[in-house]
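Okay, here's what each chain looks like letter by letter:
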Amino acid sequence: MLSLGNLPTTDVMREADLNSHMHPFTDHDALGTDDLRVITSASGVFIGDSDGNQILDGMAGLWCVNVGYGRSEIGEAAARQMAQLPYYNTFFKTTHPPVIALSEKLRVLTPDGINKFMFGTSGSDSNDTVIRLARTYWAGRGKPSKTVMISRHNAYHGSSMASASLGGMAFMHAQGGLPIPDVHHIGQPYWFDEGGDMDPAEFGLMRARELEAAIDQIGEDRVAAFIAEPIQGAGGVIVPPETYWPEIQRICDERDILLVADEVICGFGRLGTWFGSDHFNIRPDMIAMAKGLSSGYLPIGGVGLTDDVYEGVSQMGEFAHGYTYSGHPVSAAAAIANLDILEREGIVERVRSHTAPVFAEKFAALGDHPLVGEAVTCGLLGKLELVPDAKSGSRRRFENSGTVGGLCRDNCFANNLVMRAVRDSMVCSPPLIIKDDEIDALVERAWKALDLTAAAVAGQMA
Ligand code: PXG
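Below, the structure is looked at part by part. Note that the coordinates shown come from a computational prediction; the quantities given were computed from them, not determined experimentally.

Here strand β9 (residues 286-289) shows two buried faces, one formed by Met286 and Ala288 and the other by Ile287 and Met289. As judged from the three bridges shared by strand β8 (residues 258-262) and β9, these two strands associate in the parallel manner. Of the residues in β9, the one forming a bridge with Ala261 is Ile287.

Structure below.
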């Protein structure tokens, strides 16, 4: 059996992995032993593998390691808490200092009006909590028929039964009998793929107004809430046209429904603001959080809610919901240490005033590559749309969606860069502490991967 103190060779670990470990979102028949990278260490923006490669992590893990790797303060805070009180629950009239301190801190940092916090361990369970809160709120307000959640196609809200239903990933719905009832999906504000001949502003309005049409069609007396990521992440870093969010906010103000911002990726500095809602002037009734809340050092997620939602839910007496690990003291202590780093080092402010503008300028250069139809950034999110005839300005896609993206992702990895492919879009979300010369290295390696990909595509076409 593998001992963590004395690692065997890469090949032995790969084989042991395939024998006993089932990976998330993975076709195991297509997973050869050679494909598996064993990641053994990390520091700053780099991860290290068992063969000694140092790989620039352009994804911050899975969009989460905002403060970068190797922050011993977070480990020390967790260790202190482990020694003091490793576990206690918050169910039966009990609480503990870490969950109190974290809630107080979030009250200050989150968007205006978000004043109460309920915790879990992930983005998925946070969004399950969102559904239960929204439906219970309306029951508490005397409108129990308002149960329908409106979301968007190609949204990602998690992988549990309820959160995957809320998400709009057709390939996920195709397995296991999803979605659950009373979830309705409208179109996404993805101009590059779906905007046709409309200009982006007009398209953004049209997609926002699908919410109004859906409320009319379903009936306002049936709709509980609209949920959306400020910028879709896993769907392919889809930055909506500027017209989109103001129109969504108008509709939610005029209609008697709740607005939920899924801040799991956009929260905690990703866009150069504490939350994506701050960037887009969204006034949410609830926010879902995870990932950057602890920079991924320990699992923790949560939902922030307004006093109105809190009071509405409280009308029902006991809210019959919670997890063994809601507000876990060690995770909460790690989250506090992580938020302290973000504050003390002025990381969010630095992303806004320095890192995001530098990233925007350097990443834009990738737009000149013959394989790239569009290079987009917002804060420290980046995305390249790969298309066959970028030079002509056409947004036409490759046939066999995902093949070229997958190739490009593999070429990135071979050049010691992690970028993720979403269909034929390459997405990027580096740790917020990335330095200027590391941004240069990221862009250089991405360019090289694009060159290799273009050569392979040309070879296939020849
Ligand atoms: N909401 C959003 C916006 C997310 O991005 C979740 C909820 C669910 O969080 P948990 O902690 O339950 O995973 C997410 C997660 C990818 C990828 O490949 C993205 C996520 C998770 C796994 C993979 O882009 N986002």
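This part covers the site of the ligand. Around the ligand sit 16 residues, and of these Trp63, Gly123, Ser124, Asp262 and Arg420 come closest. The separation between a nitrogen atom of the ligand and a polar main-chain atom of Tyr156 is 3.5 Å. Asp262 places a polar side-chain atom, nitrogen or oxygen, 2.7 Å from a nitrogen atom of the ligand. Contact with the protein chains removes 83% of the 540 Å² of surface that the ligand exposes when unbound. Taken together, the elements giving at least two residues each to the shell around the ligand come down to α2 (60-63) and α5 (123-140). Take the shell around the ligand: its biggest share by element is three residues, from α5. Of the residues contributing to the shell around the ligand, the split by class is six nonpolar, six polar and four charged.

Checked against the element boundaries, Tyr297 lands in the loop between β9 and β10 (301-306). Beyond its immediate sequence surroundings of up to four residues, Tyr297 is in contact with Val65, Val67, Gly68, Tyr69, Gly70, Arg71 and Ile74. One polar contact links the side chain of Tyr297 to the main-chain carbonyl oxygen of Gly68, over a distance of 2.7 Å.

Thresholds, definitions, all that
- Residues numbered from 1 in each chain as written.
- Predicted model: local features only at pLDDT ≥ 70, side-chain atom pairs only at ≥ 80, totals over all residues.
- Heavy atoms only, no water.
- Buried < 20%, exposed > 50% of the residue type's maximum accessible area, 1.4 Å probe, protein only.
- Helix = DSSP H or I, 4+ residues; strand = E, 2+ residues; numbered from the N terminus.
- Pairing = 2+ DSSP bridges.
- Near = heavy atom within 4 Å.
- Polar contact = N/O pair within 3.5 Å; in protein donor to acceptor, adjacent residues only side chain to side chain.
- Areas by Shrake-Rupley, 256 points an atom, 1.4 Å probe, with all protein chains shown as cover.
- Nonpolar A, V, L, I, M, F, W, Y, C, P; charged D, E, K, R; others polar.
- Contact = heavy atoms within 4.5 Å.

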